[in-house]
Amino acid sequence: MLQAQAISVEVGGRLLVDSASFTVMPRDKVGIVGRNGAGKTSMFKVLGGAAEPKNGNVLRKGGFGYLPQDPKIDSALDGRSCVTHVLSGRGIDDEMVKIEKLRIAMEENPDERNVTRYINAEESFRTNGGYGAESEARAMAAGLGIPDERLDQPISTLSGGERRRVELARILFAGSDVLCLDEPTNHLDVDAKEWLLGFLRQYKGALLVISHDLELLDEAITRVIHLDRASETAVGEIFEYKGTYTQYKRARADDEVRLAKKATLQAKEIDRLQTVVDRFGAKATKAAMAHSVEKRIARLETDRVRGPQSTKTMSVRFPPPPKCGNTVITATGLCKGYGGPSIFEDISFDLGKGERLLVLGLNGAGKTSLLRILAGETEANLGDFKWGYQVHAGYYAQEHDNLMVHESLLDNIRRAVPADVELGETQLRGLLGMFGLSGEKVFQDAGTLSGGEKTKLALSMLMVGRNNVLLLDEPTNNLDPPSRDAVAAALVDWPGAIILVSHDEEFVRELQPTKVLLMPDGDVDYYSESWLDLVSMS
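Reading the values: rules and limits
Residues numbered from 1 in each chain as written. Predicted model: local features only at pLDDT ≥ 70, side-chain atom pairs only at ≥ 80, totals over all residues. Heavy atoms only, no water. Helix = DSSP H or I, 4+ residues; strand = E, 2+ residues; numbered from the N terminus. Buried < 20%, exposed > 50% of the residue type's maximum accessible area, 1.4 Å probe, protein only. Contact = heavy atoms within 4.5 Å. Pairing = 2+ DSSP bridges. Axes fitted to C-alpha atoms, helices over the stretch in contact; angles between N-to-C directions. Phe/Tyr/Trp six-rings, centres within 6.5 Å; stacked < 30°, edge-to-face > 60°. Expected span 1.5 Å × (residues − 1). Salt bridge = Lys/Arg side-chain N within 4 Å of Asp/Glu carboxyl O. Parallel < 35°, antiparallel > 145°, perpendicular 65-115°, else oblique. Left-handed = near helix turned anticlockwise from the far one by under 90°. Nonpolar A, V, L, I, M, F, W, Y, C, P; charged D, E, K, R; others polar. Polar contact = N/O pair within 3.5 Å; in protein donor to acceptor, adjacent residues only side chain to side chain.

Asker: For this particular structure, what's the right way to read the overall build of the protein?
Answerer: From N to C terminus, the protein includes 18 helices and 18 strands. Based on the C-alpha atoms only, the size of the protein along its principal axes is roughly 105 × 75 × 40 Å. The proportion of buried residues among the 538 residues of the protein is 48%. Counted over contacts in the protein with a minimum sequence separation of 6, partners at least 24 positions apart contribute 69%.

So, in structure tokens, the structure goes:
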């Protein structure tokens, strides 16, 4: 069970949520929803124990598992294998080390004490399912799309998406009584997502989940907590709804119509009563009546309902690309590996001005590694590539690697401005504001942002570079539907060249790529909608 007891959540001195209370019981499956920046992830950090509430308490009973939006595996664990990390969810790894030490001690000195200690430990390990744990862990990891051979690799060799899946496998393998999962379907292909949905449907504990994956919200939840925070200066309120996300949307729409009508009627009544006060308040014979009416107005103001505020629509426009040569990039024989077998070999392609290349492949095929090579973030083991005449490339990293988490949003975007470009603070704040990052938020550390807000900050940083090529690695991850649509519309209209990695089928359909590069084989083909079947599997 998890219980929030009048919790208040504050970030950067700004109160996001005040006195929120709710209880999640075993078999409850709760989705927490709200716009990007409403404070969902900040509240989730408090629920998950990663941050303290300003006021109130969070009560957790039983085993507890928390997947943050950007899970970080301790670098001290980089040398351990992935399967060992998954097994650590139940402490199996420590038990195996303990038994091995007892075995060695018994072999060195087989006295009665050492033999008894080994037999008892081994018996307890066997009885508790220790010997079957590894096959169970491998099956769970396979369900999440982690190939068996990758499980034996050190964590340090994994991509960001693979690390996230290994951490999710560890949390699910632990068998916790309460799960708090923030965007659990990020980096999952269609098969892994189906496996996770099946797991969550059968899960008997208390589940809380944040997700912009509408299928997950409809398939795996039975209750919705809506965090309603209309603006950056507002304090959020909690509203609860029974049912799936689709049922919540209908109920929420009905509530907003009802609240709007009630707010209008209250406003009219207050105006009518105020007219009475204004008319008779100055007359001595009517002063008592006017004073009584003023008290009625005060009571109405105290109980006044605020009608739903109109949601601001994000409008994004990328700057026009500078002129460049007809061929923007030529890549020849690119190869990449990380100490073991190559992830990909002999990747060759070229791209013309204004063309769009969709990079496809299953998880682990090297899509992110290829974009990092082109962005200059790492080097190919073999092969080379060459940018065309006067080509300038901007890079969006899916893990937000280019953000300085201890610097403000304003300092981050200022750092991205090229040396030959002059942009003042007003202009930079205007670019941030285009993505809904405005007011005092621009002075917050980037590390305090939600995943959706980090995506918006990273995209805004592309605006200052005067780029004619964009390298985009999952640019719609963490975005709510309206923000995703605004970014898609802006890129559809942008005439520069794009090299894109995405598992968002609708986003790819809107962008209409001209070419497809299939990883890790390196096959290049012209794009058609028949490739969309592979997009959601990437």
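Asker: Got a minute to help me understand the sheet that holds strand β2 (residues 14-24) in this structure?
Answerer: Adjacent strands of a sheet pair through backbone hydrogen bonds, lying either parallel or antiparallel. The strand order β2-β1-β4 describes an open sheet built from three strands, whose pairing is antiparallel. Since the sheet does not close on itself, it has two edges, and those belong to β2 and β4 (55-60), each with one partner. In this sheet, adjacent strand axes meet at a mean angle of 25 degrees when their direction is disregarded. Two elements, strand β1 (residues 2-11) and β2, share seven bridges in a ladder whose sense is antiparallel. Considered in β2, the bridge of Glu10 is made with Leu15. Of the strands in this sheet, β1, β2 and β4 touch helix α1 (residues 40-48), which is tilted by about 130 degrees from β1.

Asker: Looking at this structure, how should I read the environment of Ser42?
Answerer: For Ser42, the location among the structural elements is in helix α1. For Ser42, a relative accessible area of 14% translates into the label buried. Sequence-wise, Ser42 and Leu449 are 407 residues apart; in three dimensions their C-alpha atoms are separated by 8.3 Å. In this structure Ser42 touches Val9, Val11 and Leu16, once residues within four positions along its chain are discounted.

Asker: Hey, could you run me through the packing of aromatic side chains in this one?
Answerer: Each aromatic ring pair is summarised here by two numbers: the centre-to-centre distance and the angle between the ring planes. This model, assessed by the stated rule, comprises seven aromatic pairs. Both rings, one in Tyr245 and one in Tyr248, keep their centres 5.4 Å apart while their planes meet at 45 degrees; by these two values the pair is tilted. With a gap of three residues between them, Tyr245 and Tyr248 both fall in helix α10 (residues 245-280), about one helical turn apart. A connected cluster of aromatic rings, assembled from ring pairs, spans Trp195, Phe199 and Tyr203.

Asker: I keep staring at the pairing of strand β15 (residues 469-473) and nothing clicks. Help me out?
Answerer: Where a strand is regular, its side chains alternate between the two sheet faces. For β15, a buried count of five out of five residues is recorded, marking the element as mostly surrounded by other parts of the structure. Alternating residues of β15 divide into Val469, Leu471 and Asp473 and Leu470 and Leu472, and every residue in both groups is buried. Relative to β15, strand β14 (residues 393-396) runs parallel, the two being bridged by four bridges. Note that in β15 the partner of Gly394 across the bridge is Leu470.

Asker: I keep staring at the sheet that holds strand β16 (residues 497-501) and nothing clicks. Help me out?
Answerer: The sheet built from six strands is open, its strands ordered β14-β15-β16-β12-β17-β18 with mixed pairing. The open sheet terminates on both sides in strands that have one partner only, identified here as β14 and β18 (523-526). Each strand axis lies, on average, 15 degrees off the axis of its neighbour in the sheet, ignoring direction. Judged from the five bridges that link them, β15 and β16 form a sheet pairing that is parallel. Across the sheet, the residue bridging to Leu471 is Ile499, located in β16. On top of the sheet, helix α15 (residues 451-462) reaches β14 and β15; it is set at about 180 degrees to β14, its chief contact.

Asker: Where do I start with helix α3 (residues 92-108) in this structure?
Answerer: For an α-helix, 3.6 residues make a turn, and residues three or four places apart therefore share a direction. Relative to the 24 Å expected for 17 residues at 1.5 Å per residue, α3 spans 24 Å between its end C-alpha atoms, a close match to the ideal helical length. Of the positions making up α3, those classed as buried are Ile92, Asp93, Ile99, Leu102 and Met106. Contacts from the buried residues of α3 go to α2 (82-87), α4 (112-127), α5 (130-143) and α7 (160-173).

Asker: What's the story with the pattern of salt bridges in this structure? I'm lost.
Answerer: Note that side chains of opposite charge can pair when their charged atoms are close. Tallying each qualifying case throughout the model produces 33 salt bridges. Between Arg170 and Glu167 there is a salt bridge, with its nearest N and O atoms 2.8 Å apart. Pair noted here: Arg170 and Glu167 are both in helix α7, with a separation of three residues, about one helical turn. Where Arg415 meets Glu407, a salt bridge forms, and the shortest distance between an N and an O atom there is 3.7 Å. When its relative accessible area of 27% is taken as the criterion, Glu407 is described as partly exposed. Bridged by salt links that share partners, the residues Glu134, Arg138, Asp148 and Asp152 form one connected network.

Asker: Quick question: what am I supposed to make of helix α12 (residues 367-374) here?
Answerer: Along α12, six of the eight residues are buried, which leaves the element largely enclosed by surrounding structure. Those residues of α12 lying buried are Lys367, Ser369, Leu370, Leu371, Ile373 and Leu374. Of the residues flanking the end of α12, it is Gly376, one or two places downstream, whose phi is positive at about 80 degrees.

Asker: Help me understand the packing of α3 against α4, please; the structure alone is not making it clear to me.
Answerer: Between two packed helices, the angle of one axis relative to the other and the distance separating the axes together describe the packing. Direction vectors running N to C along α3 and α4 enclose 155 degrees, while the axes themselves pass 9 Å from each other. It follows from the interaxial angle that α3 and α4 lie roughly antiparallel. The handedness of the crossing between α3 and α4 is left-handed. Between α3 and α4, the residues in contact are Ile92, Glu95, Met96, Ile99, Leu102, Arg103, Ala105 and Met106 and Asn114, Val115, Arg117, Tyr118, Ala121, Glu122 and Phe125, respectively. Its residues assigned to classes, the contact of α3 with α4 shows 10 nonpolar, one polar and four charged.

Asker: Is there a simple way to think about the side chain of Asn114 in this case?
Answerer: The residue Asn114 is located in helix α4 in this model. From its side chain, Asn114 meets the backbone oxygen of Ala105 in a polar contact 3.5 Å long.

Asker: Would you take a moment to explain the environment of Asp384 for this structure?
Answerer: Looking at the secondary structure, you find Asp384 in strand β13 (residues 382-387). The spacing of Asp384 and Thr332 is 52 residues in sequence and 5.5 Å in space, taken between C-alpha atoms. Dropping the residues within four chain positions of it, Asp384 is found in contact with Thr330, Ala331, Thr332 and Leu334.

Asker: Whenever I open this one, unusual backbone geometry confuses me. Can you help?
Answerer: A negative phi angle characterises most non-glycine residues, just as the trans form characterises most peptide bonds. In this structure, Pro520 follows Met519 across a cis peptide bond, with omega equal to 5 degrees. Among the structural elements, Pro520 can be located in the loop between β17 (515-518) and β18. Notably, Ala6 is not glycine yet its phi reads approximately 50 degrees, a positive angle. Here Ala6 falls in the partly exposed class, since its relative accessible area comes to 34%. Positive phi outside glycine occurs at Arg27, with the angle close to 75 degrees.

Purely geometric numbers; function is a separate question.
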